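Commentary on secondary and tertiary structure
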Amino acid sequence: MAKVTVYLTGSVAAYKGIEVVRGLQKKGHEVRVVMTAAAQKLIAPATLAALTKYPVLTSLWDSKSPIPHIELADWTELAVVVPASADIIAKMANGIADDAASTTLLATSATKVVVPAMNSHMWAAPATQRNLNQLKDDGVIVIEPVQGRLAEGYSGKGRLPEPEEIVDDLTTLLTSEGPLTGKHVVITAGGTREPIDPVRFIGNRSSGKMGVALTNAALAAGASVTLIVGQVSVDLPRSPRLTIVPIESTAELLAAVQRHFAPADALIMAAAVADFKPVEVASEKVKKASNHNDWQLNLTETTDVLKQVAHQKSENQVVIGFAAETQNLLANAQKKLASKGADLIVANNVSGKNGAFGNDNDQVTILEANKEPVEWPSMSKKEVAQRIVSLLSNKLKSGD
Ligand code: CTP
């Protein structure tokens, strides 16, 4: 069982933090608490001290230990800031250490989880979003607030998820032991959109189901996942080990993949990427003028993200690509395996009603260099995803 430090900060949702402390204790974890001055205006430290049987750290100066923050930081295996105010998020993002909570957070090398709760406008403020992005870049796990009625009396994004859900997410984080534990996998999903003008775009029929199934399978195997996601028609997973990066165009996809794959162990390119984009994007909506009755749209090729990234990968990184074909599946997929530089290609048929796009089932063939193609029987995308993730675990383990 883990040693968890819960940081309560100044948000009306502080009382829910007490429930998180109790929930973690019920799961058998040892919990200690730090409170900011604002949190102490909302709830009494004595309540938390009684619940945890530990003194609550509220100041750097009036404890018996000369360095109480370092002692607590070193003891901690998981640090959870719940609820996290905009203020503590800003401090963490900038390395500010001006009270017991911010100083102990800076001093802890344990995994950090932040569960923000604040007014929806404070949440949406560019400064808060910038700080959260910084925290994610620093490896802090952010459990996003939910939409709902706020203390202010109106609805918006900024509500703390229910304490049971937070405890469930933390439990997954603490207990996740699997073949990909400690590995970081980047997965792309959904279709990209290439703008023609402010209202029109070139898109495709991708539903994102395969990318989402892969994300769930990788999370279940213990990985930390960055899901780079375009247009999808399915709900996205939620997990403290999941970071979601939304993108629209192929150029945005390329930038996001380059940034997030560099420090990661593996990349699975399940996104349906536009191959062509308009040469010029009109800044105003193109009108139905008479000279447009045969409007010719000039297209140019987009960057092949998989090809570019796979050719730059380091020896220990594994890259898996897909091949969406409507004819000559094996021959075309073999060509992609050879040209793209991926370690493995998952080939599927996307033609007709039974094709891969949008369906729950899939029939794929696995291609690897110097190996015979392996045709898998038709099965659910969930099962295909689990099998791909287990191939990935074996590749990462064997290092080939
Ligand atoms: N892909 C990519 N960037 C592109 C196009 C495709 O990264 N601009 C990736 C896809 O995510 C997939 C693989 O390349 O993993 C194969 O995609 P697919 O659409 O099957 O093939 P294309 O390379 O687009 O070739 P073609 O359209 O000629 O079949």
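Keep in mind it's a predicted model, so treat the numbers as computed, not measured.

Attention now goes to the site of the ligand. With respect to spatial proximity, 16 residues lie near the ligand, and among them L306, F322, A324, K336 and K340 are the closest. Between the ligand and the protein, one listed contact pairs an oxygen atom with a backbone N or O atom of M269 at 2.8 Å. In the model, an oxygen atom of the ligand is placed 2.7 Å from a nitrogen or oxygen of the A324 main chain. Contact with the protein chains removes 78% of the 570 Å² of surface that the ligand exposes when unbound. Taking a 2 Å distance to the grid points as the criterion, the majority of the atoms of the ligand fall inside the largest pocket. Going through the elements one at a time, helix 12 (305-312), strand 16 (318-325) and helix 13 (329-340) are the ones with two or more residues in the shell around the ligand.

As a further point, take the environment of K395. Here K395 lies in helix 14 (residues 381-398). Given a relative accessible area of 10%, K395 falls into the buried group. For the pair K395 and N316, spaced 79 residues apart in sequence, the C-alpha to C-alpha distance is 9.5 Å. Within the structure, the side chain of K395 is placed 2.9 Å from the side chain of E368, a separation counted as a polar contact.

In this section: the sheet that holds strand 20 (residues 374-375). The mixed open sheet is built from 8 strands, whose spatial order is 12-11-8-13-16-17-19-20. The sheet terminates laterally at strand 12 (242-246) and strand 20, the two strands that pair on one side only. Set on the sheet, helix 13 makes contact with strand 16, strand 17 (344-349) and strand 19 (364-368); between it and strand 17 the angle comes to about 150 degrees.

Quite often, the size of an interface is put as the accessible area lost when its parts meet. As assigned here, the protein chain comprises domain 1 (3-175) and domain 2 (184-398). Placing a centre on the C-alpha atoms of domain 1 and another on those of domain 2 gives a separation of 36 Å. Note on domain 1 versus domain 2: buried area summed over both sides is about 720 Å², and carbon and sulfur give 48% of it. Where domain 1 touches domain 2, the interface holds 1 salt bridge. Here R259 makes a salt bridge to D137, at a shortest N to O gap of 2.5 Å. On inspection of domain 1 and its partner domain 2, the count reaches 1 residue pair in polar contact (both at pLDDT 80 or more). Those elements that place two or more of their residues in the side of domain 1 that touches domain 2 are helix 8 (126-137) and helix 9 (163-175). It is helix 9 that provides the largest number of residues to the side of domain 1 that touches domain 2, a total of 5 residues. Across the side of domain 1 that touches domain 2, the residue classes tally to 5 nonpolar, 1 polar and 4 charged.

The subject of this paragraph is the packing of aromatic side chains. Aromatic ring pairs: the centre-centre distance and the angle between the two ring planes describe each pair. A complete count under the given rule lists 1 aromatic pair for this structure. Relative to W75, the ring of Y54 lies with its centre 6.0 Å away and its plane at 65 degrees, an arrangement referred to as edge-to-face. Of this pair, Y54 sits in the loop between helix 3 (45-52) and helix 4 (68-75) while W75 sits in helix 4; the two residues are 21 residues apart in sequence, bridging distant segments of the chain. Overall, the relative accessible area of 15% leaves W75 in the buried class. Above the plane of the ring of W75 lies R32, whose end atom (NZ or CZ) is 4.8 Å from the centre.

Running from N to C, helix 1 (residues 14-26) and helix 3 cross one another at 5 degrees; their axes reach a closest spacing of 11 Å. In terms of orientation, helix 1 lies roughly parallel with respect to helix 3. Every residue of helix 3 that contacts helix 1 at I18, V21, R22 and Q25 is listed here: T47, L48, L51 and T52. Of the residues in the contact of helix 1 with helix 3, the class split is 4 nonpolar, 3 polar and 1 charged.

Further remarks concern the environment of I187. Within the fold, I187 resides in strand 8 (residues 184-189). On the basis of relative accessible area, I187 is assigned to the buried category, the value being 0%. I187 has contacts with G211, L214, T215, A218, V225, T226, L227, I228 and I268, leaving out every residue within four places of it along the chain.

Bringing the side chain of S249 into the picture now. Within the element layout of this structure, S249 appears in the loop between strand 12 and helix 11 (250-261). Assessed through its relative accessible area of 11%, S249 is described here as buried.

What follows concerns the sheet that holds strand 4 (residues 111-116). Taken in spatial order, the 5 strands make up an open sheet running 2-1-3-4-5, and their pairing is parallel. Strands at the two margins of the open sheet, each flanked by one partner only, are strand 2 (30-35) and strand 5 (141-142). Relative to strand 4, strand 3 (residues 78-84) runs parallel, the two sharing 5 bridges. Of the residues in strand 4, the one forming a bridge with L78 is T111. Sheet strands in contact with helix 1 are strand 1 (3-8), strand 2 and strand 3, and its direction is about 175 degrees off that of strand 1. Most of the contacts of helix 5 (residues 86-94) go to strand 3, to which it runs at about 140 degrees, and overall it touches strand 3 and strand 4.

A word on the pairing of strand 2. Counting buried positions along strand 2 gives 5 out of 6 residues, so the element sits mostly inside the fold. Judged from the 6 bridges that link them, strand 1 and strand 2 form a sheet pairing that is parallel. When the sheet's bridge partners are listed, V6 is paired in strand 2 with V33. Considered for its hand, the β-α-β crossover made up of strand 1, helix 1 and strand 2 is right-handed.

Reading the values: the criteria
Residues numbered from 1 in each chain as written. Predicted model: local features only at pLDDT ≥ 70, side-chain atom pairs only at ≥ 80, totals over all residues. Heavy atoms only, no water. Near = heavy atom within 4 Å. Polar contact = N/O pair within 3.5 Å; in protein donor to acceptor, adjacent residues only side chain to side chain. Areas by Shrake-Rupley, 256 points an atom, 1.4 Å probe, with all protein chains shown as cover. 1 Å grid on protein atoms, 1.4 Å probe; cavity = no way out; pocket = protein on both sides within 12 Å on 5 of 7 lines; lining within 4 Å. Sits in = over half its atoms within 2 Å of the grid points. Helix = DSSP H or I, 4+ residues; strand = E, 2+ residues; numbered from the N terminus. Buried < 20%, exposed > 50% of the residue type's maximum accessible area, 1.4 Å probe, protein only. Pairing = 2+ DSSP bridges. Contact = heavy atoms within 4.5 Å. Axes fitted to C-alpha atoms, helices over the stretch in contact; angles between N-to-C directions. Domains from an automatic or database assignment. Buried area = accessible area lost by both parts, 1.4 Å probe. Salt bridge = Lys/Arg side-chain N within 4 Å of Asp/Glu carboxyl O. Nonpolar A, V, L, I, M, F, W, Y, C, P; charged D, E, K, R; others polar. Phe/Tyr/Trp six-rings, centres within 6.5 Å; stacked < 30°, edge-to-face > 60°. Lys NZ or Arg CZ within 6 Å of the ring centre and 35° of its normal. Parallel < 35°, antiparallel > 145°, perpendicular 65-115°, else oblique. Right-handed = clockwise from strand over helix to strand, strands pointing away.

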